[in-house]
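Geometric and topological summary
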Amino acid sequence: MRQLVKDFQVCFINGGPTVPGFEIPSQVEIATLPPLWIENGQLQVTDGFANIEEVKEARRNALINLFDRFKPDCLITEFFPFGRHKLFFELIPLLDHIKAVAPSTKIICSVRDIVGRTDLDKEEETICQLTSKYFNCILFHSDPKFQKLEESFSRVKELNCKVKYTGFVAQSIPENNDLSEFDLANLNRKEPMILVSIGGGRIGYELLKSVIQSSSILQKKMPHHIQIFTGPFMPEEQFLQLKQAALSKSNVTLQRYTSNLIAYMRKADLSISLTGYNTTMNILRTGVRSLVVPIGHYSYDKEQVIRTKKLEKLGIVEVIEPENLEPAYLAQKIMDCLTKKSDPKANDLFDLQGAEKTTIFLKEELFEKSVFAAA
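Residues numbered from 1 in each chain as written. Predicted model: local features only at pLDDT ≥ 70, side-chain atom pairs only at ≥ 80, totals over all residues. Heavy atoms only, no water.

Looking only at helices and strands, the protein features 12 helices and 15 strands. Considering only C-alpha atoms, the protein reaches an extent of 70 × 45 × 45 Å along its principal axes. When the 375 residues of the protein are sorted by exposure, 52% land in the buried category. Here the contacts in the protein between residues at least 6 apart in sequence split such that 76% fall between residues at least 24 apart. (Helix = DSSP H or I, 4+ residues; strand = E, 2+ residues; numbered from the N terminus. Buried < 20%, exposed > 50% of the residue type's maximum accessible area, 1.4 Å probe, protein only. Contact = heavy atoms within 4.5 Å.)

A few words on helix α1 (residues 52-70). For α1, built from 19 residues, the straight-helix expectation of 27 Å at 1.5 Å per residue is met to within 8% by its first-to-last C-alpha distance of 27 Å. When we look at burial in α1, the residues that qualify are V55, K56, R59, L63, I64, L66, F67 and F70. Projected down its long axis, α1 carries its buried residues within an arc of 160°, all on one side. Regarding α1, its N-cap is N51, as a side-chain oxygen of that residue lies 3.1 Å from the backbone nitrogen of E53 further along. One or two steps after α1, the chain reaches K71, where phi turns positive at roughly 50°. (Expected span 1.5 Å × (residues − 1). Arc of directions from axis to C-beta. Polar contact = N/O pair within 3.5 Å; in protein donor to acceptor, adjacent residues only side chain to side chain.)

With parallel pairing, the six strands of this open sheet are ordered in space as β11-β10-β9-β12-β13-β14. Of all strands in the sheet, those with a lone pairing partner are β11 (252-255) and β14 (318-319), marking the two edges. When strand β9 (residues 193-197) meets strand β10 (residues 225-229), the two strands line up parallel, connected through five bridges. The residue bridging L195 from the neighbouring strand is Q227, located in β10. Running over the sheet, helix α6 (residues 205-221) touches β9, β10, β11 and β12 (270-273) and is turned about 170° from β10. (Pairing = 2+ DSSP bridges. Axes fitted to C-alpha atoms, helices over the stretch in contact; angles between N-to-C directions.)

To continue, consider the packing of α6 against helix α7 (residues 236-246). Packing of α6 against α7 brings their axes to within 10 Å, and their N-to-C directions diverge by 10°. Comparing the axis directions of α6 and α7 gives the class roughly parallel. Residue-level contacts link Y205, L208, K209 and I212 of α6 to Q238, Q241, L242, A245 and A246 of α7. When its residues are assigned to classes, the contact of α6 with α7 shows six nonpolar, two polar and one charged. (Parallel < 35°, antiparallel > 145°, perpendicular 65-115°, else oblique. Nonpolar A, V, L, I, M, F, W, Y, C, P; charged D, E, K, R; others polar.)

For the structure shown, the criterion picks out zero disulfides. As a non-bridged cysteine, C11 has C74 as the owner of its nearest cysteine sulfur, 12 Å distant. Among the residues examined, C11 registers a relative accessible area of 0% and is labelled buried. Summary of cysteine pairing: C137 is not part of a disulfide, and the nearest cysteine sulfur, belonging to C161, is at 6.5 Å. On the accessibility criterion, C137 (2% relative accessible area) is buried. (Disulfide = S-S within 2.5 Å.)

This structure, assessed with the given rule, holds 15 salt bridges. Residue E90 is joined to R59 by a salt bridge in which the shortest nitrogen-to-oxygen separation is 2.8 Å. Of this pair, E90 sits in helix α2 (residues 88-101) while R59 is found in helix α1, placing the two residues 31 residues apart along the sequence. You'll find E90 and R59 in the same group, each marked buried. Note that R155 is salt-bridged to E125, the shortest N-O span being 2.5 Å. Residue R155 is found in the loop between α4 (149-152) and β8 (162-165), and its partner E125 is found in helix α3 (residues 120-134); the two are separated by 30 residues along the sequence. Residue E125 is classed as partly exposed on the basis of its relative accessible area of 38%. One network of salt bridges, in which partners are shared, links D113, E303 and R307. (Salt bridge = Lys/Arg side-chain N within 4 Å of Asp/Glu carboxyl O.)

Once that is clear, we can look at the pairing of β11. Within a regular strand, side chains alternate between the sheet's two faces. Residues V252 and L254 of β11 are buried on one face, and the alternating residues T253 and Q255, pointing to the opposite face, are buried as well. In this sheet, β11 lies alongside β10 in parallel orientation, the contact comprising four bridges. Residue pairing across strands places I226 opposite V252, the latter belonging to β11. What joins β10 to β11 is α7, and the crossover it makes is right-handed. (Right-handed = clockwise from strand over helix to strand, strands pointing away.)

Residue alternation in strand β7 (residues 137-140) divides its side chains into two sets, C137 and L139 and I138 and F140, and both sets are buried. Bridging between strand β6 (residues 106-111) and β7 involves four bridges; their strand directions are parallel. Within β7, the position partnered with I108 by the bridge is C137. Pairing analysis gives four bridges linking β7 to β8, with the strands arranged parallel. Opposite L139, over in β8, you have K164 as the bridge partner.

Structure representation (structure tokens):
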């Protein structure tokens with residue numbers, strides 16, 4: 001969005017829980033739907049609604065009303081139709097409405113580098129039909145040297161629309177004057193920093209628990225400070241358990257969230273994380289030494305496993321498997337990683353200009369300057 005607002009009027013539709021502290025450019029109009037999210041493969045509804053059908057109806061009506069009011073030249077969907085099929089109830093009525101009342105509106109799908117769904121083969125025909133019926137273009141946010149769309153989706157040639165490779169969408173590293181006093185204080189510690197993060201926080205608790213347990217071993221071996229971010233969506237009970245465990249650890253600071261994680265990665269002597277898309281982009285941008293744990297929704301999504309294997313093969317990350325998160329083993333792995341040289345040239349391996357190229361592609365598609373982004 002930070003790149004899009006330079007050239008477009010943007011309305012961002014947030015359909016999930018709000019992230020406290022997440023900074024959205026002031027020029028962006030934000031529309032928040034009653035939150036829904038997927039947990040264990042099922043839609044979850046926030047408190048305050050009688051049932052999920054009530055939320056579905058409210059969201060469906062809100063989307064169509066927003067479209068009619070904003071009258072965009074372009075609708076961008078995140079991942080749909082490659083995923084988000086549990087949102088058919090609202091997305092199909094919206095797309096049919098657009099085709100009926102504003103057929104000149106461009107409909108574009110935004111997809112990250114890996115479509116890792118284990119049930120994808122069962123839905124390929126549906127994806128092809130939806131793409132052919134509704135979509136003008138797919139923006140694939142990957143460098144083809146790392147991952148091509150056909151590696152995830154075998155029927156690319158049957159997609160009746162353009163496919164554009166944008167390169168990776170990687171955040172820029174902020175200047176110090178863009179950081180809060182709180183972040184600056186953490187970043188100015190004298191001890192070497194071990195940064196630990198798990199994205200949103202819905203998965204990864206086991207990793208953070210093991211890191212805190214291993215901190216007692218590390219404290220006896222080397223000077224350091226462990227900075228942990230649990231993610232804004234970690235369940236409160238788990239967060240409180242970790243907070244209690246960290247209270248007696250003078251070498252551990254535990255917080256929920258920072259909007260400047262990439263600044264911590266640039267500063268860190270070692271990053272320990274999962275391998276979600278945004279975290280991986282931060283690793284590539286900063287070239288930080290990285291130890292990663294491919295904890296994912298293995299039963300229905302192999303995205304992180306596939307990405308991790310590719311990163312490991314390229315020598316960009318060291319890997320520890322989830323079943324090996326025993327504190328003593330983890331502590332030794334951390335010390336081994338810290339003796340290895342970081343590779344500041346990791347950010348030269350791939351095209352990281354995905355945000356800029358997305359804007360260029362959209363300009364080519366549009367004559368007017370308004371974009372409607374549904375996520």
